[in-house]
Amino acid sequence: MKLLKGCEASVLLAGSASGPGEQSSIPNLTLRQQAFVVINNLRALVQKKCGQVVSCSDILALAARDSVVLSGGPDYAVPLGRRDSLAFASQETTLNNLPPPFANASQLIADFASRNLNITDLVALSGGHTIGIAHCPSFTDRLYPNQDPTMNQFFANNLKRTCPTANSSNTQVNDIRSPDVFDNKYYVDLMNRQGLFTSDQDLFVDKRTRGIVESFAINQQLFFDHFTVAMIKMGQMSVLTGTQGEIRSNCSARNTQSFMSVLEEGIEEAISMI
């Protein structure tokens, strides 16, 4: 499996009459619409101050870093100079390039290796699940019809109360110990068999990754150090630079789309005056 797109803000593009965007793909449904508004507001502030020279891709990478820092996580330098994509990935491409929550450690290791990310990178980046929420259908295969034997019974009982049916629309925090703090408690969850997804818990089950989980659970600074390295590596995958892509004036639309939208509005206004 090869990554077709990298850190180039294609996920920020809204869908159009020609087809849905990445935001409507199942793995991205937990992305909050308010976040896209925030990124566009940041885009407007930066453009007012600096002109149209900073890409939405760079703004997104910086915002991700700042979100980690403001939540208690590590600070790190973000390499800049990305440009924005001219199109979003198809829903099929999105599904094929985002590891599913039911993936096991072997599948994850192979997937990350195809992107030149090693086992330590995998475990460190998975620690991002210390923040965030998940919809019930993304993990209820571990509850119904039979409970996953690797799941703590008390934890499972609480999840069943949150998700009384497999297709419940309710949500659950990823990290039950400190859901709003970026720390190493996610790894403590795994050691207590309280990982939410199969892709989480199997990192402790599998012997190849268990030792890394244990070391991060014991030493938060070690986790922070490896997380920053992995984030910088991931943030430089398949980026657009130089004359590739563009620097969008509106993060949710290509510049050509923005121009056409303004043109269409002008034509409609002119017609209404006739």
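The model shown is predicted, which means the values in this text are computed figures rather than measured ones.

A. Local environment of the environment of Asp148. Along the polypeptide, Asp148 turns up in the loop between strand S1 (133-135) and helix H6 (153-162). Residues Asp148 and Thr198 lie 50 residues apart in sequence; the distance between their C-alpha atoms is 9.0 Å. Within polar-contact distance, the side chain of Asp148 engages the side chain of Thr150 at 2.8 Å.

B. How the structure looks around the UniProt feature "binding site: heme b" (unreviewed entry) in the chain. The sites that UniProt annotates as "binding site: heme b" (unreviewed entry) are His129. Relative to the helices and strands, His129 is located in the loop between helix H5 (119-126) and S1. His129 sits in the partly exposed class, given a relative accessible area of 25%.

C. Geometry of the state of the cysteines. Across all of its chains, the model carries 2 disulfides by this definition. The disulfide partner of Cys56 is Cys251, and the S-S distance across this bridge is 2.1 Å. Its S-S torsion of approximately -95 degrees makes the covalent link between Cys56 and Cys251 left-handed. Of this pair, Cys56 sits in helix H2 (residues 56-70) while Cys251 sits in the loop between helix H10 (220-234) and helix H11 (255-272), placing them 195 residues apart in sequence. For Cys56, a relative accessible area of 0% puts it in the buried group. Looking at Cys251, the relative accessible area reads 1%, which means it is buried. Disulfide partner of Cys136: Cys163, at an S-S distance of 2.0 Å. With the S-S bond torsion at -75 degrees, the cross-link from Cys136 to Cys163 turns out left-handed. Within this pair, whereas Cys136 is found in the loop between S1 and H6, its partner Cys163 is found in the loop between H6 and strand S2 (171-173), the two being separated by 27 residues in sequence. By the burial criterion, Cys136 is buried, and Cys163 matches it. Taken N- to C-terminal, the disulfide-bonded cysteines of the chain are connected 1-4, 2-3.

Criteria and thresholds
- Residues numbered from 1 in each chain as written.
- Predicted model: local features only at pLDDT ≥ 70, side-chain atom pairs only at ≥ 80, totals over all residues.
- Heavy atoms only, no water.
- Helix = DSSP H or I, 4+ residues; strand = E, 2+ residues; numbered from the N terminus.
- Polar contact = N/O pair within 3.5 Å; in protein donor to acceptor, adjacent residues only side chain to side chain.
- UniProt positions renumbered as here; feature names shortened; annotations may be inferred.
- Buried < 20%, exposed > 50% of the residue type's maximum accessible area, 1.4 Å probe, protein only.
- Disulfide = S-S within 2.5 Å.

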